[in-house]
Amino acid sequence: MSNRYDIAIVGSGPAGLSAAINAKIRNKNIIIFGSSELSGKLIKAPKIDNYLGLPDITGIQLKDRFQHHVANMGIDITYERINTIYAMGQYFGIAVNEKMYEASAVILATGIEYTKALKGEEEFLGRGVGYCATCDAPLYRGKIVTIIGYNKEAEAEANYVNELAKKTYYIPMYRESLNLNENVEIVRDKVVEISGGNKVEKVILKSKEIVTDGVFVLKDSIAPDKLVPGLIMENGHIKVDMNMKTNIEGCFAAGDCVGKPYQYMKAAGQGQVAALNAVFYIDKN
Ligand SMILES: Cc1cc2nc3c(=O)[nH]c(=O)nc-3n(C[C@H](O)[C@H](O)[C@H](O)COP(=O)(O)OP(=O)(O)OC[C@H]3O[C@@H](n4cnc5c(N)ncnc54)[C@H](O)[C@@H]3O)c2cc1C
């Protein structure tokens with residue numbers, strides 16, 4: 001297959017970017033998926049004192065440095081969110097909605113969600129709760145959909161869902177102003193529980209309830225074992241060895257998603273180790 005990448009990197013925070021530059025230096029054909037702001041956590045950091053060589057830098061300044069570095073190396077970030085990664089034995093199938101990419105090795109650098117799952121979120125996953133609104137929106141044509149959005153990117157998904165759904169509610173989990181189509185109903189309230197019987201029936205809020213057919217919970221990252229079926233986790237993180245290898249041959253992981261401490265330099269260092277071992281894996285196979 002001509003279109004198969006050597007290494008696909010999922011995540012554009014310090015772990016993913018460090019993996020990308022190191023794999024590129026080793027002449028591998030890479031693809032890196034992430035967002036235009038690189039990392040939501042990076043741009044939120046007011047002042048960073050522990051990044052060696054760059055004292056007293058803000059998160060936005062560090063993001064600009066990262067962006068400049070990868071661009072100078074000819075690395076383009078593909079602004080797509082991966083829904084599922086299938087381990088096919090000799091390669092990985094990386095799904096973005098209906099589109100599929102292929103790569104011989106994968107590096108997971110998806111970061112970690114600090115917020116806990118909502119009550120009912122995991123229980124109703126696949127029974128009315130989903131993590132990818134654009135993939136599953138057609139299932140809700142003419143129905144009522146509630147989007148629980150943790151970041152501004154979720155707003156675009158809500159606008160898309162609203163083109164198909166009979167009614168769309170948007171519950172923002174952040175304070176910034178919203179950019180939503182006028183007939184998306186904004187509900188600023190605290191989510192208590194997603195509830196139902198065999199499938200989702202409503203979202204219970206602090207001050208009222210919303211009757212709904214589906215709920216999309218749109219966060220920065222989804223649980224890695226939902227992203228990669230068969231991936232072994234340990235205490236909420238991806239289980240890796242010192243070489244950043246997971247239990248799946250050819251699949252490596254780095255950064256916050258593999259465990260504490262949650263820090264930039266540790267993430268970048270692990271991204272580098274993951275990339276060099278992925279290179280070794282490809283050259284050997
Ligand atoms: C306010 C704040 C201040 C901080 N200050 C410091 C500090 O001073 N010093 C320090 O060392 N650390 C600090 N940290 C911690 C630091 O931000 C993290 O440790 C670091 O960002 C982890 O890097 P990462 O690459 O593992 O993940 P992240 O930076 O979280 O990046 C993960 C990336 O993966 C993307 N992604 C996830 N899932 C998918 C998918 N399915 N498809 C495509 N892309 C996906 C996300 O959108 C994101 O871009 C701070 C964190 C916060 C929130």
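The shown structure was predicted, so the numbers you read here are calculated from the model rather than taken from an experiment.

Parameters at a glance
Residues numbered from 1 in each chain as written. Predicted model: local features only at pLDDT ≥ 70, side-chain atom pairs only at ≥ 80, totals over all residues. Heavy atoms only, no water. Near = heavy atom within 4 Å. Polar contact = N/O pair within 3.5 Å; in protein donor to acceptor, adjacent residues only side chain to side chain. Areas by Shrake-Rupley, 256 points an atom, 1.4 Å probe, with all protein chains shown as cover. Helix = DSSP H or I, 4+ residues; strand = E, 2+ residues; numbered from the N terminus. Nonpolar A, V, L, I, M, F, W, Y, C, P; charged D, E, K, R; others polar. Pairing = 2+ DSSP bridges. Axes fitted to C-alpha atoms, helices over the stretch in contact; angles between N-to-C directions. Disulfide = S-S within 2.5 Å. Buried < 20%, exposed > 50% of the residue type's maximum accessible area, 1.4 Å probe, protein only. Phe/Tyr/Trp six-rings, centres within 6.5 Å; stacked < 30°, edge-to-face > 60°. Lys NZ or Arg CZ within 6 Å of the ring centre and 35° of its normal. Domains from an automatic or database assignment. Contact = heavy atoms within 4.5 Å. Buried area = accessible area lost by both parts, 1.4 Å probe. Expected span 1.5 Å × (residues − 1). UniProt positions renumbered as here; feature names shortened; annotations may be inferred.

**What about the site of the ligand?**
- Close to the ligand lie 33 residues, the nearest being Leu-38, Ser-39, Asn-50, Asp-256 and Tyr-264.
- Within the side chain of Arg-81, a nitrogen or oxygen atom sits 3.5 Å from a nitrogen atom of the ligand.
- Separating an oxygen atom of the ligand from a backbone N or O atom of Asp-256 is a distance of 2.9 Å.
- Summarising the interface, the protein chains cover 88% of the accessible area of the ligand, which totals 1000 Å² for the free molecule.
- Looking at the shell around the ligand, the elements with two or more residues in it are helix 1 (14-25), helix 2 (40-44) and helix 7 (264-284).
- Per-class residue counts for the shell around the ligand are 14 nonpolar, 12 polar and 7 charged.

**Digging into the sheet that holds strand 12 (residues 200-205)**
- Strand order in this open sheet of 3 strands is 11-12-13, and the pairing throughout is antiparallel. The open sheet has two edge strands, strand 11 (191-196) and strand 13 (209-211), and neither has a second partner. Neighbouring strand axes in the sheet, compared pairwise and without regard to direction, differ in orientation by 20° on average.
- Strand direction decides the pairing type here: strand 12 and strand 13, joined by 3 bridges, are antiparallel. Pairing of Ile-204 across the sheet is with Glu-209, part of strand 13.

**A closer look at the state of the cysteines**
- Counting across every chain of the model gives 1 disulfide.
- Residue Cys-251 stays outside any disulfide, its sulfur separated by 9.3 Å from that of Cys-257, the closest cysteine.
- For Cys-251, a relative accessible area of 1% gives the class buried.
- The exposure class assigned to Cys-257 is buried, which follows from its relative accessible area of 2%.

**A short note on the packing of aromatic side chains**
- Inspection of the entire model under this criterion finds 5 aromatic pairs.
- For the pair Phe-252 and Tyr-281, a centre-to-centre distance of 6.3 Å together with 70° between the ring planes defines the contact as edge-to-face. Here Tyr-281 lies in helix 7 and Phe-252 lies in strand 17 (residues 251-253), a separation of 29 residues in the sequence.
- Here the basic side chain of Lys-167 rests over the ring of Tyr-169, its NZ or CZ set 5.2 Å away from the ring centre.
- Lying across the ring of Tyr-150, Lys-219 places its NZ or CZ 5.6 Å from the centre.

**A few points about unusual backbone geometry**
- Look at the link from Lys-260 to Pro-261: it is a cis peptide, with omega at -5°.
- Within the secondary structure layout, Pro-261 lies in the loop between strand 17 and helix 7.
- Even without being glycine, Asp-56 reaches a positive phi, approximately 60°.
- Its location among the elements puts Asp-56 in the loop between helix 2 and helix 3 (59-72).
- Although it is not a glycine, Asn-235 sits at a positive phi angle of roughly 50°.
- On the secondary structure map, Asn-235 appears in the loop between strand 15 (233-234) and strand 16 (237-238).
- For Asn-235, a relative accessible area of 74% gives the class exposed.

**Regarding the domain arrangement of the protein chain**
- The assigned domain composition of the protein chain is domain 1 (5-113 + 221-284) and domain 2 (129-218).
- Measuring from the centre of the C-alpha atoms in domain 1 to the corresponding centre in domain 2 gives 29 Å.
- Across the boundary between the two partners, domain 1 contributes 7 residues, which contact 6 residues of domain 2.
- Interface area, domain 1 with domain 2, both sides summed: about 510 Å², of which 56% is carbon and sulfur.

**Brief notes about helix 1**
- With 12 residues, helix 1 ought to run about 16 Å at 1.5 Å a step, and its terminal C-alpha atoms sit 16 Å apart, in line with that.
- By the criterion of burial, helix 1 is predominantly enclosed, with 10 of the 12 residues buried.
- Among all positions of helix 1, only Pro-14, Ala-15, Gly-16, Leu-17, Ser-18, Ala-19, Ala-20, Ile-21, Asn-22 and Ala-23 are buried.
- Of the residues one or two after helix 1, Asn-27 is the one with positive phi, at around 65°.

**A few points about the UniProt feature "domain: FAD/NAD(P)-binding" (unreviewed entry) in the protein chain**
- In the numbering adopted here, UniProt assigns the feature "domain: FAD/NAD(P)-binding" (unreviewed entry) to residues 5-271.
- Taken end to end, residues 5-271 has its terminal C-alpha atoms 18 Å apart, with 22% of it in helix and 28% in strand.

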